[in-house]
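Fold and geometry: a report
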Amino acid sequence: MLDIQKIRADFPILKREVNGKPLIYFDNAATSQTPQVVIDAIVDYYSTYNANIHRGVHTLSQEATDAYEVARKKVQEHFNAKNDYEIILTAGTTHAVNIVATGFTSFLSEDDEIIVSAMEHHSNIVPWQMLCERTGAQLKVIPMTEQGVLKMDVYESLLSDKTKLVFVNHVSNALGTVNPVEFIIEKAHKVGAAVLIDGAQATPHIKPDVQALDVDFYVASAHKLCGPTGVGLLYGKEEWLNKLPPYQGGGDMIDQVTFEKTTYAGLPFKFEAGTPNICGGIAFGVALDYMNSIGFDAIANYEKELLDYATERLKEIEGLRIYGEADEKTAVISFNVGNIHPYDIGTIVDKLGVAVRTGHHCAQPIMDFYKIPGTVRASFAFYNTKEEIDVLVEAVKRAVMMLS
């Protein structure tokens, strides 16, 4: 059992008020809140050893370099990568996806195909469309059901020797669906395709083992994991990272530079041009330590309680429809009430101190599938409570009464 009040005390923002009401933060799928221990790590870096890394022999540079590389090791251990140099520290999930999408330009031709799913975030659609425009490759889409579940029989039929890359999110940010990534990876590998899994929404709830998954690439963002914004990771199998060309040129990614020819550094530095988000990387490691101290099994069990309770309570509201009713879900509920626009509901509940997300959640094809402009999305974390869910339900009821 989690000591929720003790956990909540770790998050200073949860003490504030919004519009005269205690803050209830249900926008965790967009970004999680930050515990004091991570904030302290950020302050400590800038207060005591702020310096550039990998370049200096002076004490501060050495201290910063050591802390940054320790953080990389923490990420490696958390995701169970075989080698620490298979962990590329990026600006976030979107950056990580674009590294791979750009790198595959030299591997594809107009006879090749890429497969994505119908429930992808825009960051997991647009880079692949751009790749197809550059190469002439074809983009295929795994369709989904009304329940928000991918059609695996259709996926299998899409696979062929033309398939070069399969890209699927581990968890849908708009619906909360947990996708069968083990099955997807296994089937793709049988036709020789590489697989990239977007773990941005999964990693706050699930602790992925990239070796057990046998995935070729896995991407995620620190700010979903109680870390800072502007930092994330690209895991890639060593053989794939060696094949891909550098994404950017600049300092720190070189071996030798002359005007005649430049040679590149080895992994991971080949993909880490320029000064990185040093403080962010260090704080990312601290955030992983914090979440692991709580325990991902305990987090998953508690969040399942919150999801079940919120689902039951919200269904009390007449005319409310939940989008995404897969058997395997994380703690996300997307809903609408009758013909009321989600933005209007979101605006009113905010006046009552409840933060939810409204709109298409950067997943417009999902909204087009359901023929709706968007949804209200309530997403829960391990520091939320059932009492807060009760306030959400009453706030939605009040909004419906005002807008009907």
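As a reminder, the structure under discussion sits directly above these lines.
One structure accompanies this document, and this report is about it. (Residues numbered from 1 in each chain as written. Predicted model: local features only at pLDDT ≥ 70, side-chain atom pairs only at ≥ 80, totals over all residues. Heavy atoms only, no water.)

A few words now on the pattern of salt bridges. One pass over the structure, following the stated rule, counts 20 salt bridges. Its salt-bridge partner being Asp289, residue Lys74 comes within 2.6 Å of it at the nearest N-O pair. On the criterion of sequence distance, the pair formed by Lys74 in helix 3 (residues 59-79) and Asp289 in helix 10 (residues 278-294) is long-range, its members being 215 residues apart. Judged by its relative accessible area of 24%, Lys74 is partly exposed. Taking the shortest distance from any N to any O, the salt bridge between Arg321 and Glu146 comes out at 3.1 Å. (Salt bridge = Lys/Arg side-chain N within 4 Å of Asp/Glu carboxyl O. Helix = DSSP H or I, 4+ residues; strand = E, 2+ residues; numbered from the N terminus. Buried < 20%, exposed > 50% of the residue type's maximum accessible area, 1.4 Å probe, protein only.)

It is worth spelling out helix 4 (residues 93-103) at this point. At 3.6 residues per turn, the α-helix brings residues three or four places apart onto the same side. In terms of residue burial, helix 4 counts as a mostly covered element, since 8 of its 11 residues are buried. Buried-residue contacts for helix 4 involve strand 4 (87-90), helix 5 (126-135), strand 7 (163-169), strand 8 (194-198), strand 9 (217-221) and strand 10 (232-236). (Contact = heavy atoms within 4.5 Å.)

Ranked by size, the top nonpolar core spans 108 residues in total, and within it Val166 and Phe382 carry the most contacts. At 11 residues, the largest contribution of residues to this core is made by helix 10. Apart from the residues lying within four places of it in its own chain, the contact partners of Phe382 are Leu2, Ile4, Ile7, Phe11, Cys226, Tyr290, Met291, Ile294, Ile299, Tyr302 and Glu303. Counting 26 residues, the second-largest nonpolar core is a separate cluster that includes Ile88, Ala96, Ile99 and Phe104. (Core = buried A, V, L, I, M, F, W, Y, C linked by side-chain atoms within 4.5 Å.)

Counting buried positions along strand 17 (residues 375-379) gives 5 out of 5 residues, so the element sits mostly inside the fold. Burial of the side chains of strand 17 extends over both faces: Thr375, Arg377 and Ser379 are buried on one face and Val376 and Ala378 on the other. Where strand 14 (residues 332-337) and strand 17 come together, 4 bridges link them in antiparallel fashion. Looking at the pairing, Ser334 lines up with Arg377 of strand 17. Here strand 16 (residues 357-359) runs beside strand 17; their pairing, made up of 3 bridges, is antiparallel. When the bridges of strand 17 are listed, Arg357 appears paired with Arg377. (Pairing = 2+ DSSP bridges.)

Next up on the list: the pairing of strand 9. Most of strand 9 is tucked away, with 5 of its 5 residues classed as buried. Taking every second residue as pointing to the same face, both faces of strand 9 are buried, with Phe217, Val219 and Ser221 on one and Tyr218 and Ala220 on the other. Taken together, the 3 bridges between strand 8 and strand 9 define a ladder with parallel strand orientation. Following the sheet pairing, Ile197 is matched in strand 9 by Tyr218.

Another point: the sheet that holds strand 8. In space, the 7 strands of this open sheet follow the order 4-10-9-8-7-5-6, with mixed pairing throughout. Here the strands that pair on one side only, and so sit at the sheet edges, are strand 4 and strand 6 (138-142). When the angles between neighbouring strand axes are averaged without regard to direction, this sheet yields 20 degrees. In this structure, strand 5 (residues 113-117) lies alongside strand 7, joined through 4 bridges in parallel fashion. Of the residues in strand 7, the one forming a bridge with Val116 is Phe167. Relative to strand 4, helix 3 is tilted by about 120 degrees, and along the sheet it contacts strand 4, strand 9 and strand 10. With respect to the sheet, helix 4 is in contact with strand 4, strand 7, strand 8, strand 9 and strand 10, its orientation differing from that of strand 9 by roughly 155 degrees. (Axes fitted to C-alpha atoms, helices over the stretch in contact; angles between N-to-C directions.)

Our next topic: the packing of aromatic side chains. Using the criterion set out here, one finds 17 aromatic pairs in the structure. Judged by centre distance (4.9 Å) and plane angle (85 degrees), the ring pair of Phe26 and Phe380 falls under edge-to-face. One end of the pair, Phe26, is in the loop between strand 3 (24-25) and helix 2 (36-48); the other, Phe380, is in the loop between strand 17 and helix 14 (386-403), with 354 residues separating them in the sequence. Across the pair, exposure class does not vary: Phe26 and Phe380 are buried alike. Judged by centre distance (5.1 Å) and plane angle (45 degrees), the rings of Trp128 and Phe167 are tilted. (Phe/Tyr/Trp six-rings, centres within 6.5 Å; stacked < 30°, edge-to-face > 60°.)

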